[in-house]
Amino acid sequence: MVAYRSSMVERTELPSRGRRERAIEDAGYNVFNLASRDVYVDLLTDSGTGTMSTDQWAALLGGDESYAGSESFEQLEESVRDVMGFPRIVPAHQGRGAENVLYGSLVSEGDVVLNNTHFDTTRAHVANQGAEPVDCPAPGAFDPDGEGDFRGNFSVDRGYEVVDRVGADRVPVVILTITNNSAAGQPVSVENTRRVREFADRIGATFVIDACRFAENAGFVRAREGEFEGDPIADIAREQLSYADALVMSGKKDGLSNAGGFVALREEDLHEQCRQRGILYEGFPTYGGMAGRDMAALAVGLREAVEEGYVEGRLERVRTLGNLLAERGVPIYTPTGGHAVYVDAGEVFPDIPPEAFPGQTFVCELYREGGVRGVELGSFAFPGADRPDLVRLAVPRRSYHREHFEHVADAAAAVTNRENVRGLEIVSEPSTPELRHFTAELRPR
Ligand SMILES: *Cc1c(COP(=O)(O)O)cnc(C)c1O
């Protein structure tokens, strides 16, 4: 089911094969360097790339751009209270700004921070405080052929192992990322959330939920966790978030907006600390780096994100892309997660060794074949990490139709069936290896 229709459109075009060949070569075989006009279906990310509703556009026009005491801020605050159950917020320009505000307030040098899996910017902000980010994923979280309804879960056993090793006083924060973005967008159960709450209480840590995809996660909980069968999405989302002391949120994900983010808090002291840090890095506490109009659009987007029709359709859309790919013999991570389908490029190109980047090769071939832009999350993006060579096809919210997904699946199938594909080698790369997939340039081997 689709719970909306289009009332504004953006023209797109499939560039000719010749233009695509030239474009990818000029881009140094790195799709981050492609101009968006050269891309036909853009599955690079689901972050800030969604389509806003007419209600969001209407709210945007009513944005209050006052520096202090903005009415749009009050609307956002009220929305967070209603939808997420948190009484206080500190706005930020996007999710990573919120991470800086919260983790800069909670984490100190020498600390250890636990997370089911740290998302890239979370890992970087924890490390930036001089602390050590440690992942505690559920067993099999990274296995493309694994099984399980909640493979995004936090392994509390691993958490206790780390605490036994380093001591509870070095672990001030435990984070639960829902859905688990870095583990193929797999969901986290409410039961697991309760166990992480208990764990955090035991070791005296602050429990933070990274709620970027809290609505998608609630959709999975309703479908898979017996206790919640038939419950409204809005109730499930509020219950799951109720276990946390604080939230980090990116408005560009389940805020259904193109910008923005915030920290949500219960406790007054931590709120005050975050407000002070927010002023330093983001802006005055009633706008925090967002325009008033962006806060107004986000306030509406948060409410729409937990509407029944929206969440069902969203998960169905991603599942559809996964099914179309699987039907055509393209190996994917199953079951599909909340925001993207992951192709196992290592299986597509068994003859290309990791050092010749099978994932990045798949990404470039997919662009050449169909003007489709995905992103590599394997040996190119994570040098030295022991991870499968996955390619992520992220689905922007409310933007693409089944015809687009059929086109993507046909192109991916053509790439999968291609023989004699050579890998790539790096020509130039930046000095920070963690950021190399954004700017490095490559060429065919
Ligand atoms: C996107 C994301 C962030 C950071 O948000 P931005 O708005 O991109 O800065 C943090 N955590 C998770 C899980 C995310 O997906």
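Rules used throughout
- Residues numbered from 1 in each chain as written.
- Predicted model: local features only at pLDDT ≥ 70, side-chain atom pairs only at ≥ 80, totals over all residues.
- Heavy atoms only, no water.
- UniProt positions renumbered as here; feature names shortened; annotations may be inferred.
- Helix = DSSP H or I, 4+ residues; strand = E, 2+ residues; numbered from the N terminus.
- Rg over C-alpha atoms; globule rule 2.2 N^0.38 Å.
- Buried < 20%, exposed > 50% of the residue type's maximum accessible area, 1.4 Å probe, protein only.
- Contact = heavy atoms within 4.5 Å.
- Areas by Shrake-Rupley, 256 points an atom, 1.4 Å probe, with all protein chains shown as cover.
- Lys, Arg positive; Asp, Glu negative; His and termini not counted.
- Charge placed at Lys NZ, Arg CZ, Asp CG, Glu CD.
- Salt bridge = Lys/Arg side-chain N within 4 Å of Asp/Glu carboxyl O.
- Domains from an automatic or database assignment.
- Buried area = accessible area lost by both parts, 1.4 Å probe.
- Polar contact = N/O pair within 3.5 Å; in protein donor to acceptor, adjacent residues only side chain to side chain.
- Nonpolar A, V, L, I, M, F, W, Y, C, P; charged D, E, K, R; others polar.
- Near = heavy atom within 4 Å.
- Patch = residues over 30% accessible without salt bridge, like charges linked within 9 Å, V, L, I, M, F, W, Y side chains within 5 Å.
- Phe/Tyr/Trp six-rings, centres within 6.5 Å; stacked < 30°, edge-to-face > 60°.
- Pairing = 2+ DSSP bridges.
- Axes fitted to C-alpha atoms, helices over the stretch in contact; angles between N-to-C directions.

- Labelled according to an unreviewed UniProt entry, the chain appears under the name Tryptophanase, originating from Saliphagus infecundisoli.
- Its UniProt record gives the chain the following Sequence similarities (unreviewed entry) comment, quoted word for word: "Belongs to the beta-eliminating lyase family."
- What UniProt records for the chain under Cofactor (unreviewed entry) is the sentence "pyridoxal 5'-phosphate".

**Some points on the overall build of the chain**
- Secondary structure assignment for the chain yields 16 helices and 14 strands.
- Against the compact-globule benchmark of 22 Å for 445 residues, the chain has a radius of gyration of 21 Å, which places it among compact chains.
- On the principal axes, the C-alpha backbone points of the chain span a range of 60 × 55 × 45 Å.
- Buried residues in the chain amount to 58% of all 445 residues.
- Across the chain, contacts joining residues at least 24 apart in sequence account for 73% of those joining residues at least 6 apart.
- Counting every atom, the chain has about 18300 Å² of accessible surface; 45% of that belongs to carbon and sulfur.
- Each charge class in the chain can be summarised by its mean position, and for the 46 positive and 72 negative side chains these summaries are 4 Å apart.

**Notes on the pattern of salt bridges**
- Counted according to the given criterion, the structure contains 31 salt bridges.
- Asp235 is the partner of Arg238 in a salt bridge, and the nearest nitrogen-oxygen pair spans 3.3 Å. Of this pair, Arg238 and Asp235 are both found in helix H9 (residues 233-242), three residues apart, which corresponds to roughly one turn of the helix.
- Residue classification places Asp235 among the partly exposed residues on the basis of a relative accessible area of 39%.
- Between Arg402 and Glu406 there is a salt bridge, with the nearest N and O atoms lying 3.0 Å from each other. Of the two residues, Arg402 and Glu406 both sit in helix H15 (residues 402-416), four residues apart, roughly one turn of that helix.
- Residue class for Glu406 comes out partly exposed when judged on its relative accessible area of 29%.
- Each of Arg17, Glu21, Glu365, Arg368, Glu369 and Arg418 takes part in salt bridges that share partners, so that together they form one network.

**Focus on the domain arrangement of the chain**
- Split by domain assignment, the chain resolves into domain 1 (17-39 + 308-444) and domain 2 (54-305).
- Each of domain 1 and domain 2 has a C-alpha centre, and the two are 27 Å apart.
- Listed as interface residues are 22 residues of domain 1 and, on the opposing side, 31 residues of domain 2.
- Overall, the association of domain 1 and domain 2 removes approximately 2200 Å² of surface from exposure, summing both partners, and the carbon and sulfur fraction of that is 49%.
- Viewed at the interface, domain 2 and domain 1 are joined by six salt bridges.
- Note that Arg222 is salt-bridged to Glu312, the shortest N-O span being 2.7 Å.
- The interface formed by domain 1 and domain 2 includes 16 residue pairs in polar contact (both at pLDDT 80 or more).
- By residue number, the principal contributor to the side of domain 1 that touches domain 2 is helix H12 (residues 308-327), which donates six residues.
- Grouping the constituent residues of the side of domain 1 that touches domain 2 by class yields nine nonpolar, five polar and eight charged.

**Some details on the site of the ligand**
- Around the ligand sit 14 residues, and of these Gln94, Arg96, Asp210, Ser250 and Lys253 come closest.
- The backbone of Gly95 places a nitrogen or oxygen atom 2.9 Å from an oxygen atom of the ligand.
- One of the side-chain nitrogen or oxygen atoms of Asn181 is found 2.9 Å away from an oxygen atom of the ligand.
- Here the ligand, which alone exposes 380 Å², has 98% of that area covered by the protein.
- The residue makeup of the shell around the ligand, split by class, is two nonpolar, six polar and six charged.

**With respect to a negative patch on the surface**
- On the surface, a cluster of negative charge is contributed by Asp143, Asp145, Glu147 and Glu347.
- Within the secondary structure layout, Asp145 lies in the loop between strand S4 (132-135) and helix H6 (156-166).

**Concerning the packing of aromatic side chains**
- Within this structure, the stated rule accounts for seven aromatic pairs.
- Measuring from ring centre to ring centre gives 6.3 Å for Phe349 and Phe362, while their planes differ by 55°; the resulting arrangement is tilted. Within this pair, whereas Phe349 is found in the loop between helix H13 (345-348) and helix H14 (358-370), its partner Phe362 is found in helix H14, the two being separated by 13 residues in sequence. Across this residue pair, the class does not change: Phe349 and Phe362 are buried.
- The rings of Tyr67, Phe284 and Tyr287 are connected pair by pair, giving a single aromatic cluster.

**Some details on the sheet that holds strand S6 (residues 206-210)**
- Strand order in the open sheet formed by seven strands is S2-S8-S7-S6-S5-S3-S4, with mixed pairing between adjacent strands. Whereas interior strands pair on both sides, the edge strands pair on one side only; in this sheet they are strand S2 (88-92) and S4. When the angles between neighbouring strand axes are averaged without regard to direction, this sheet yields 20°.
- Bridge analysis of strand S3 (residues 112-115) against S4 gives four bridges, and the strand direction is parallel. If you follow Leu114 over to S4, its bridge partner there is Val134.
- Docked against the sheet, helix H4 (residues 95-106) engages S2, strand S5 (173-177), S6, strand S7 (246-250) and strand S8 (261-265), running at close to 155° with respect to S7.

**Points about the UniProt feature "domain: Aromatic amino acid beta-eliminating lyase/threonine aldolase" (unreviewed entry) in the chain**
- Under the present numbering, the feature "domain: Aromatic amino acid beta-eliminating lyase/threonine aldolase" (unreviewed entry) in UniProt falls on residues 42-410.
- Helix makes up 44% of residues 42-410 and strand 13%, and the two end C-alpha atoms of the span are 15 Å apart.

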